Amino acid sequence: MQLIDGKKTSQAVKLEIAEAVKKMIASGKKKPHLAAVLVGNDGGSETYVAAKIKACEAVGFVSSLVRFTADVTENELLAAVNKLNNDPDVDGFIVQLPLPKHISEEKITEAIDPSKDVDGFHPQNLGRMITGGDAFISATPQGIMELLKRYDIETKGKHVVILGRSNIVGRPMSILLSLKGNPGDATVTVCHSRTKNLKEICLQADIIVAAIGIPEFLKADMVKEGAVVIDVGTTRVPSTETKSGFRLKGDVDFAEVSPKCSFITPVPGGVGPMTIVSLLLNTLKAAAKR
Ligand code: GUN
C-alpha cells in the first residue's frame, strides 16, 4: 500500500507556483491577485478563507479580503461582486459559501465574471468542463486529478466508482474521469443515496472516490484487493486530543481499508491540502490570461 501524500504534493505544487510568480514579475507583470468575499463569521468559512489567504502569501500572490456582516443584502453583495468583476487589479475572486439563507447562492455565483471565477462554480465554467473545453475546474476535483497525475495512477479503461453526486465533487469527478485524457478515459459509475447493491458495485471498482460525507462509510468488505481509494470526506468529529476540540474524519475506514489498497489518500493530509493549491493554480491561470 502506498500513501498518496497530499501535504507533500501540495508543497511541491506551491514551490512551482512561487517559481512561476517570480518569472511573471521578472518579465514585468504584476503579482497575481486573489480576492475573497466572506459573509458573516461562520467558523468553518473563517478557517478556510484564512488558509486561502495564507497560501497566497506563501506563493507570492497579492490577496485581499472583502468582509460583510451576515445581514448584508443580496443587492449589496451583487454590487461587491460587480466591483470585483470590474477591478483590473483583481485576477480572480471567490465568494465563500455557504451564504446566509436570504441570499441566493445561484444569483451570486452567476454574477461572477467567468474569467475571474477561480472557484469554477459559474455555469459557463461548468459547461466548458463538461465539453472538455478550457475552464476553471473547481478546487477539490482539480486537486484529485493532480494527485492522480503526479502519482502516475492509471485511469484509462479503469472502472471508477464515485460515492456521492454533489455539484462540487461527485458529479464533476465523474465528468473529468470520463473525458478523454490522462487522467481520464475511465468507465465511471456514480453511486448515491438511492443506489442499490452498493457493496457489489464498489467491489468491481479499480478506483473508488468516496465523497458522501459519512465518516468511515467505506469498509474493507466493499473494496477489491489492489484498488485505489481517494477519500474526500472531512467530517469534523469532537476530539479531546486536539487544541481545536475536533478532528477530521474521512469517508473511508482507513485502518481496515488501507491494507487492501494499492494507493490510498489519508484524512487529513490527502485531498484536503490539494484543494487550496488548485485555487492558487486557477488564480495563476487567470492572471496569466489577463
Ligand atoms: N465552501 C466550501 N468549499 C468552498 C469552496 O471551494 N469555495 C467557496 N467559495 N466556498 C466554499
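Residues numbered from 1 in each chain as written. Predicted model: local features only at pLDDT ≥ 70, side-chain atom pairs only at ≥ 80, totals over all residues. Heavy atoms only, no water.

Q: Help me get a handle on the confidence of the model for the chain, residues and values and all.
A: Residues of the chain with pLDDT of at least 70 account for 100%, and the chain-wide mean is 97. Within the chain, strand 8 (residues 228-231) carries the highest mean pLDDT (99), whereas strand 9 (residues 235-238) carries the lowest (92). (pLDDT = per-residue confidence, 0-100. Helix = DSSP H or I, 4+ residues; strand = E, 2+ residues; numbered from the N terminus.)

Q: Help me get a handle on the packing of helix 6 (residues 139-150) against helix 10 (residues 272-289), residues and values and all.
A: Across the interface, helix 6 lies against helix 10 with an axial gap of 8 Å and an inter-helix angle of 100 degrees. One finds that helix 6 runs roughly perpendicular with respect to helix 10. Along the contact surface, helix 6 presents Ala139, Thr140, Gln142, Gly143, Glu146 and Leu147, while helix 10 presents Met274, Thr275, Ser278, Leu281 and Asn282. Looking at the contact of helix 6 with helix 10 residue by residue, the class counts come to four nonpolar, six polar and one charged. (Axes fitted to C-alpha atoms, helices over the stretch in contact; angles between N-to-C directions. Parallel < 35°, antiparallel > 145°, perpendicular 65-115°, else oblique. Contact = heavy atoms within 4.5 Å. Nonpolar A, V, L, I, M, F, W, Y, C, P; charged D, E, K, R; others polar.)

Q: Give a detailed account of the site of the ligand, specifying residues and quantitative values.
A: Every residue lining the ligand is accounted for by Lys52, Val95, Gln96, Leu97, Asp119 and Phe121. Within the backbone of valine 95, an N or O atom sits 2.8 Å from a nitrogen atom of the ligand. At 3.2 Å from a nitrogen atom of the ligand is found a side-chain nitrogen or oxygen belonging to glutamine 96. In the shell around the ligand, the residues fall into three nonpolar, one polar and two charged. (Near = heavy atom within 4 Å. Polar contact = N/O pair within 3.5 Å; in protein donor to acceptor, adjacent residues only side chain to side chain.)

Q: Describe the packing of helix 1 (residues 6-26) against helix 10, and please don't skip the residues or the numbers.
A: At their nearest, the axes of helix 1 and helix 10 sit 9 Å apart, and the two run at 20 degrees to each other. The angle between helix 1 and helix 10 falls in the class roughly parallel. In the packing of helix 1 onto helix 10, the handedness of the crossing is left-handed. In contact with Gly6, Lys7, Thr9, Ser10, Val13, Lys14, Ile17, Ala20, Val21 and Met24 of helix 1, helix 10 contributes Pro273, Met274, Val277, Leu280, Leu281, Leu284, Ala287 and Ala288. (Left-handed = near helix turned anticlockwise from the far one by under 90°.)

Q: Can you tell me about empty space enclosed by the protein, naming the residues and giving the values?
A: Unoccupied space between atoms shows up once a probe the size of one water molecule is rolled over them. Counted by the stated rule, this structure contains one cavity of 30 Å³ or more. The computed volume of the largest cavity comes to approximately 60 Å³. What lines the largest cavity is Phe93, Ile94, Val95, Leu97, Ile108, Thr109, Ile112, Asp117, Asp119 and Phe121. When residues of the lining of the largest cavity are traced back to their parent elements, those giving at least two are strand 4 (92-95) and helix 4 (105-111). A per-element tally of the lining of the largest cavity places strand 4 first, with three residues. The class makeup of the residues in the lining of the largest cavity is seven nonpolar, one polar and two charged. (1 Å grid on protein atoms, 1.4 Å probe; cavity = no way out; pocket = protein on both sides within 12 Å on 5 of 7 lines; lining within 4 Å. Points joined across faces, edges and corners; volume = space filled by probe spheres on them.)

Q: Break down helix 1 for me, citing the residues and quoting the values.
A: With 21 residues, helix 1 extends 30 Å from end C-alpha to end C-alpha; this agrees with the ideal 30 Å at 1.5 Å per step. When helix 1 is considered as a whole, its buried residues turn out to be Gly6, Thr9, Ser10, Val13, Ile17, Ala18, Val21 and Met24. Summarising the contacts, the buried residues of helix 1 are in contact with helix 2 (43-59), helix 6 and helix 10. In the segment just after helix 1, glycine 28 is the residue with positive phi, at about 90 degrees. (Expected span 1.5 Å × (residues − 1). Buried < 20%, exposed > 50% of the residue type's maximum accessible area, 1.4 Å probe, protein only.)

Q: I'd like to hear about the pattern of salt bridges, residue by residue, with values.
A: In the structure shown here, the tally under the stated rule is 13 salt bridges. Among the ionic pairs, arginine 150 bridges to glutamate 16, the shortest N-O distance being 2.8 Å. You can see arginine 150 sitting in helix 6 and its partner glutamate 16 sitting in helix 1, a full 134 residues away along the chain. Note that lysine 219 is salt-bridged to aspartate 253, the shortest N-O span being 2.9 Å. Separated by 34 residues along the polypeptide, lysine 219 in the loop between strand 7 (207-210) and strand 8 and aspartate 253 in the loop between strand 10 (246-249) and helix 9 (254-257) bring together distant segments of the chain. Among the charged side chains, a salt-bridge network with shared partners connects Glu16, Glu146 and Arg150. (Salt bridge = Lys/Arg side-chain N within 4 Å of Asp/Glu carboxyl O.)

Q: Give a description of the sheet that holds strand 4 that names residues and reports values.
A: Whenever strands of a sheet pair, they do so through backbone hydrogen bonds, lying parallel or antiparallel. Strand order across the open sheet formed by three strands is 3-2-4, with parallel pairing between neighbours. Each of the sheet's edge strands pairs with one partner strand only, and the pair in question is strand 3 (62-68) and strand 4. Put simply, the sheet's adjacent strands are angled 15 degrees from each other on average, direction ignored. Note that strand 2 (residues 33-39) and strand 3 share seven bridges and pair parallel. Bridge assignment links alanine 36 to a residue of strand 3, and that residue is leucine 65. (Pairing = 2+ DSSP bridges.)

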